Amino acid sequence: MSRQWRGLDRLSRDPAFVARASAEFPQLAAALAAPRDRRGVLKLMAAGLALAGLGGCDDGAPGGVLIPPVLPPTDTVFSGNQMFATASVVGGYANGILVRHANGRPIKVEGNPLHPASLGGTSAIGQAEILGFYDPDRSRGLIRKGEPQAWSSLLTAVAAQREAIRQSHGQGFRVLTGSTTSPTLARQIAALKQVYPDMQWHRWEPVSRDAVRAGALLAYGQPVELVAKLGAVDLLLTIDSDLFDSAPGHLRFARDFAARRNPTRTDRMNRAYAIEPTPTLTGVAADHRFIAGPRDLARIVPALAAAVTGGEQPADMPAWFAPLVADLKATRGRSFIHAGPAQPAAVHALVHAMNEALGGRGQTYDLIASVEADPVDHAASLRGLIDDMNGGRVTTLLIIDSNPVFTAPGFGEALGRVAVSMTLTDGPTETGAKTTWNLPARHGFEDWSDARAYDGTVTLLQPQARPLYDGISPHYLLALFAGPEEVNSRDVVRQTHGLNEQQWHDALATGLVAGTRTAPSDVALKPVQPAVPMPAAGDVTLLIRPDPHLLDGRYANNAWLQELPRPLTKLTWDNPLLVSPAIAERLKLTNGDQVTVANGGVGVTLPAWIMPGQAPDCVVALLGFGRSDVGMVGQGVGFDVYPLTAGRGPVSLHKADGRAVLASTEHHDPLFEDAGDYVHHGTPPHSRQIRPSSANQRSNRRNTTASLAGRLPGA
Amino acid sequence: MTPFDPVALAGSNNPDMTDHVSGIALRSKAFRWGWIAIVLPAALTSVLIGSILYLFYAGVGIWGIDWPVAWGFAIINYVWWIAIASGGTFISALFFLTRSEWRNSINRIAESMTLFGAACAGIYPILHLGRPWLFYWLFPYPNTMGLWPQFRSPLLWDFFAILTYVISSVVFWYLGLLPDLATLRDRAPTRGKQVLYGVMALGFRGTSTQWRHYHALYGVLAAVMAPLVCSVHSIVGLDFAGAATVGWHSTMYPPFFIFGAFLSGFATVLLLIMPMRRLLRLERYITGRHLDVLGRLLLTSSLFVGYGYIMDAFNTYYGGEKAEITMYQERLFGYYAGIYWATILFNVLLPQLLWFAAVRLNQLVVALIAIGVIIGMWCERYTIVVVSLHRPRLPSAYGLYHGSIWDWLTLMGTVGFFVFGILLIVRLIPVISMFEMREILAPRRP
Amino acid sequence: MSIDLNACIGCNACVVACMAENNIPVVGKQQVMHEREMHWLRIDRYYEGSPEAPDMLFQPMLCQHCERAPCEIVCPVGATVHDEEGLNVMVYNRCVGTRFCSNNCPYKVRRFNYFAFAAEERRPAVARNPEVTVRARGVMEKCTFCLQRIAAARIDADAANRPVGAEEVQTACQAACPTQVFTFGNMAEGGQVVERKKSPLTYVVLDDQDTQPRVTYEARIRNDGSGAGA
């Protein structure tokens, strides 16, 4: 019998399934019992299940039914649609979501109002995940050295590997993943380490949070993480920060911050300052935005720390420095300072010191033990792996949900020296093209897993559909390396958390495991005075940042995210080099002119785009584009700037020949005046004056209310 | 040639005129230059057909229209052609009512220009639809859904106006042909042509009863057509004035468009009669007087249009609305400023040369001025349509527009089709209205 | 609907949510260069000041559902009309594609299918929301206030013999927004929308056009330290 029949057959013999199905189809139980009718009924069931998108029956989990939402979100009524909870995992951290199903298949991502990471909102990436689920370019089968394989060959190969690895006690066995908070994954790797003591687990995240981790280590000796409580913050200072766009917990932070922004709906409106070299969402949200390049920041942040903690007032600071310090001191206990991941570790340590000195700990933020599983320095971890690969010390390499051939210069070459390498990925990647095995992963909506939110809350991921194409989960693969038994991810995840039936049910229904929020840590600040490294002097400073929508490039095949206009540049389908107006003036650049930017010996030629509000010496290169192996949407879109991450030398920028046409949805050069006519804005005591100046404005308002009232029933 | 030439040169008489004019149409073999001349227009006509077919196949996206400039060449060309067409009706209807004698010899050419100009104009509103196969929904026909078109829309008024105009232009043109077709039938050298022209002449025999009815009908139609052409062009202006778009919402538009129609119409007539006069040896009947009169009319229209431009500026600055002023500055100094200044140059400045009688009679200069006016009128439509749309009220919606290759090919195609049509007319139909000329020429040979 | 500009951080979640909910096609780089992107909701970004240190402002812009809609008057076939609940509705089947409505819209929120974008999109049909029409070539489209969600709520309300609740319907943009920028509801039943429209910060974009839109904005207040504020 084919696989599908086998699956259905097993299903039809499962009493729980039959009982549930008979509620819908009363004759089903009788029909399945009668041998003559049985095949006919199975045929119909197959057709029906296929129409409902469940045709790709797998052998796992007979009766693995999704738990309907027992506790639906308040204030919403959904008719005819069903919502099932899961999470969108970005950078390893979970944002709880609900997936809405229509006609039996997942259609739309909505926020989970019960989940602490968002309280109901979603990010653009979270919304776009549904397109990734249906992506026609997804991996559809095993490939070994370019040839399709049957699953049995994987089982055989892994069995052989298990043997070899056991012989060497795991010496030469390496697992590379991205940043992860999954308790199940961590448990499985710990279990593997029991079996193979010398194996190593490497981490690599191209959009690095190493400095955040290192800063916490400097300040506290432990890799503690920040949980901001922006609802209690009266004064927010962000330094080159991703607090609202990609920091773990950014959805929640944005919500809490925004709740205190409208003076008519909050008792005390908060105030936000931003100091940054290039515009970010925190900069736009800020009441005062100060522009400072990396060299300026390297001077200003220590001075700020000295002023806030010790009271020294250093000289030759910008004009805004003293009022900022005064404001920080005036809001003691109600302020919060946040630095972004691109700032060096010393800056993070100083920020920790400042936050403690300003009395915010416990009020405006808490520190918790690291949510990331087994945090290490990613750069060192990857460097170690590449060195070992080059030295021939790696025999078996497992790459799970990571694309180092594209994101880590030098990895591709080193990969050639690894005997057996396997990539587990849900779509084509540059790494998958080069490793020995290319294993199709299940999409996040297709299997069981778990992850933790920014505050430690455990979120279970439950499948929203049977796998569209054959695929396996990381849990299955890791278990396969431990022993020959093929496990079911649901069992593995369930085993990690030790929940009873009711708790499991509730966790799936609400989208989070109750009571798993990490308690605040009481670790004390170490009295260190880290020196912030001064960046090299030069005409041009190169900043490398993740693209707001593609991040490190993993979403390059998501057409919605490619076409989504970036918040500040309104660019789509491209990643020009963002240059400051001063540099554009100096090099006589207009939008689209080609430039060559070089970092040490490595140069990339790409178009330029003028970014108003950027520090005069800064240029920003955006990661995530220029992928060569990603599927039809993202192939060849944009320019690959990852080579620039390897350079250590001086940065140079030259105008090159030619122009490129860039697709921005703002189809003209930016204007710098009269924005207030359209986006009314003002300051608190003058809020009366922000109404438009047209003489009949009041009568318009009357007319509006009148005409609206005229439409209300009973009026 | 002087401006004081008579309407027909001395010695012109009816028999000679009839022989000459009907001879052109009845010639047994076409003139050599006719074959050469028709090649390019025929090619362009096939380009037009090809462009239209590709348009229906691929969609209106092959043109350059986008957001916010959702109207482009199609509307520009439509207005441009209808203005050209209107010029013909002015001459045939309006100047009929004024009993101007000079009109009689150029009347037929003018009406034929109307016919093909209106044809070229009329296809564009259908082509530019996103779903052109449903264009008939603009017509109020009884249907099972009880749906009427939306009568408040200027586009619907436009639909009725153009429909009326095309139908009445065809009727008026055909009616004006009847006596001449009868003449051709009577003079036909071959039985085939006799039957052809006979059928087309609808049995016109020239009896006095028929003539009485004919003159009455003709008078009525002219009296209808003269205001009709003004109203049609006003409605075309209302296409814009009835919109809230920046720069369009002005009560000046309906008369302004009529002025523009005068201008382009007279220019095109001039451009047609000058080569025709030479090539068909019609110098007797189209004299310096005609050139002088048309030149003066062109100058007058140019002054009207210039007045329109000045009032445009006055309305904008006197009104003081920021969005309007921004858009107007765009016209003067923005991305499309070249096109605006070309408009001023060709429509207002160059025609001022026609103050001089010597210029009015210099056919080369007049031809250049007329071509300039035609281009200038196209540029004016471009400015009106594109510049207003590309600078809407919200700055976030500013955008650019460029015509695509298909836009240009379709435009050239319609030009070719127009010339093709005129050449066909010349070949098959008397190019001068013989029966009307008989009213002003000597009845017998001297 | 009321949009709070104080809360908008420009994250674009609402734009993607709208695309997902309403089957909005992706048009590709070439067509974006031709200014034909199909996003019904866009986040406008304005600068004020100098290019070196500008003020930056975000404003979500969507169909304002004007009570005196300029688009409704000029459609020759009546493909865009106002319904009794205050929405400006677009009848795709009736649209012949004259695009006059787009020209007349002062907010430029209407999008036209210049090509068969939906048919040419590289996306399996099953991925689309079955409750929303997929638009053909040559048809105009725009924000509908998630009419499919309103209709679903109306069905429920009719079945239960009650009016649609004040906050019973959440538009896709409203549901996705992490900072609660959008407030939408049945004003006939009161609720938060009515409250927000009474706010002193409420204003109408381009109110000199007297389109009387049903979407109002709350002005952005900067807490610059002068006067009242923390």
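Residues numbered from 1 in each chain as written. Chains lettered and ligands numbered in written order. Predicted model: local features only at pLDDT ≥ 70, side-chain atom pairs only at ≥ 80, totals over all residues.

Section: the interface of chain B and chain C
- Listed by partner, the interface residues are 34 residues for chain B and 34 residues for chain C.
- Residue contributions to the side of chain B that touches chain C peak at four residues, all from helix α5 (residues 154–187) of chain B.
- For the side of chain B that touches chain C, the class distribution of residues is 21 nonpolar, nine polar and four charged. (Contact = placed C-beta atoms within 7 Å. Helix = DSSP H or I, 4+ residues; strand = E, 2+ residues; numbered from the N terminus. Nonpolar A, V, L, I, M, F, W, Y, C, P; charged D, E, K, R; others polar.)

What about the sheet that holds strand β19 (residues 541–546) of chain A?
Residues and elements named next belong to chain A.
- Spatially, β19-β24-β21-β23-β22-β25 is the arrangement adopted by the six strands of the open sheet, whose pairing is mixed. A single partner strand is all that each edge strand has here, and the edge strands are β19 and β25 (651–659). Each strand of the sheet is rotated relative to its neighbour by a mean of 35°, with strand direction disregarded.
- Here β19 runs beside strand β24 (residues 618–623); their pairing, made up of six bridges, is parallel. Bridging across to β24, I544 finds its partner in A621. (Pairing = 2+ DSSP bridges. Axes fitted to C-alpha atoms, helices over the stretch in contact; angles between N-to-C directions.)

So, helix α11 (residues 294–310) of chain A
Residue and element names in this part refer to chain A.
- Here α11 spans 23 Å end to end across 17 residues, near enough to the 24 Å set by a 1.5 Å rise per residue.
- Every buried residue of α11 is accounted for by P294, L297, I300, V301, L304, A305, A307 and V308. The buried residues of α11 occupy an angular sector of 165° when the element is viewed end-on, so they sit on one face.
- Contacts made by the buried residues of α11 are with β9 (235–239), β10 (271–276), α12 (321–330), α13 (345–357) and β19. (Expected span 1.5 Å × (residues − 1). Buried ≥ 20, exposed ≤ 12 C-beta atoms within 10 Å, placed from the backbone. Arc of directions from axis to C-beta.)

Re the interface of chain A and chain C
- Each side of the interface is counted separately: chain A has 95 residues, and chain C has 85 residues.
- Sorting elements by how many residues they give to the side of chain A that touches chain C places helix α24 (residues 697–711) of chain A first, with seven residues.
- Residue composition of the side of chain A that touches chain C, by class: 47 nonpolar, 32 polar and 16 charged.
- Summarising the sheet, strand β27 (residues 681–682) of chain A and strand β11 (residues 220–221) of chain C pair through two bridges and their orientation is parallel. Among the inter-strand pairings, H681 of chain A is bridged to a residue of β11 of chain C, identified as R220 of chain C.

A closer look at helix α6 (residues 151–167) of chain A
- For α6 of chain A, built from 17 residues, the straight-helix expectation of 24 Å at 1.5 Å per residue is met to within 8% by its first-to-last C-alpha distance of 25 Å.
- H169 of chain A occupies a position one or two residues after α6 of chain A and carries a positive phi of about 55°.

Things to note about the packing of helix α3 (residues 73–97) of chain B against helix α14 (residues 405–428) of chain B
All names here are of chain B.
- As a packed pair, α3 and α14 sit with axes 10 Å apart at the nearest point and diverge in direction by 20°. For the element pair α3 / α14, the angle class is roughly parallel. In this structure, α3 crosses over α14, and the sense of that crossing is right-handed. Within the contact between the two elements, α3 uses F73, N77 and W81 and α14 uses D407, T410, L411 and T414.
- Residues that form the contact of α3 with α14 fall into these classes: three nonpolar, three polar and one charged. (Parallel < 35°, antiparallel > 145°, perpendicular 65-115°, else oblique. Left-handed = near helix turned anticlockwise from the far one by under 90°.)

Describing the packing of helix α4 (residues 103–127) of chain B against α14 of chain B
All names here are of chain B.
- Packing of α4 against α14 leaves a shortest axis separation of 9 Å and a crossing angle of 150°. Classified by the interaxial angle, the pair formed by α4 and α14 is roughly antiparallel. For α4 against α14, the interelement crossing comes out right-handed. Contacts between α4 and α14 involve S112, M113, F116, G117 and C120 from the former and T414, F417, F418, G421, I422 and I425 from the latter.
- Here the contact of α4 with α14 is built from residues that sort into seven nonpolar, four polar and no charged.

Considerations on the sheet that holds strand β15 (residues 420–425) of chain A
Residues and elements named next belong to chain A.
- Spatially, the seven strands line up as an open sheet ordered β5-β4-β16-β15-β14-β6-β7, and their pairing is mixed. On the outer flanks of this sheet lie β5 (147–149) and β7 (200–203), each paired with one strand and no other. Adjacent strand axes in the sheet meet at a mean angle of 20°, parallel and antiparallel pairs treated alike.
- Sheet topology places strand β14 (residues 396–400) next to β15; five bridges connect them, and they run parallel. Within β15, the position partnered with L397 by the bridge is S421.

With respect to the pairing of strand β1 (residues 82–90) of chain A
Residues and elements named next belong to chain A.
- In terms of residue burial, β1 counts as a mostly covered element, since seven of its nine residues are buried.
- Inspection of the sheet shows β1 paired to strand β2 (residues 93–102) by nine bridges, in the antiparallel sense. Looking at the pairing, Q82 lines up with H101 of β2.
- Where β1 folds back onto β2 in an antiparallel hairpin, the turn is made up of two residues, including G91, whose phi is positive at roughly 65°.

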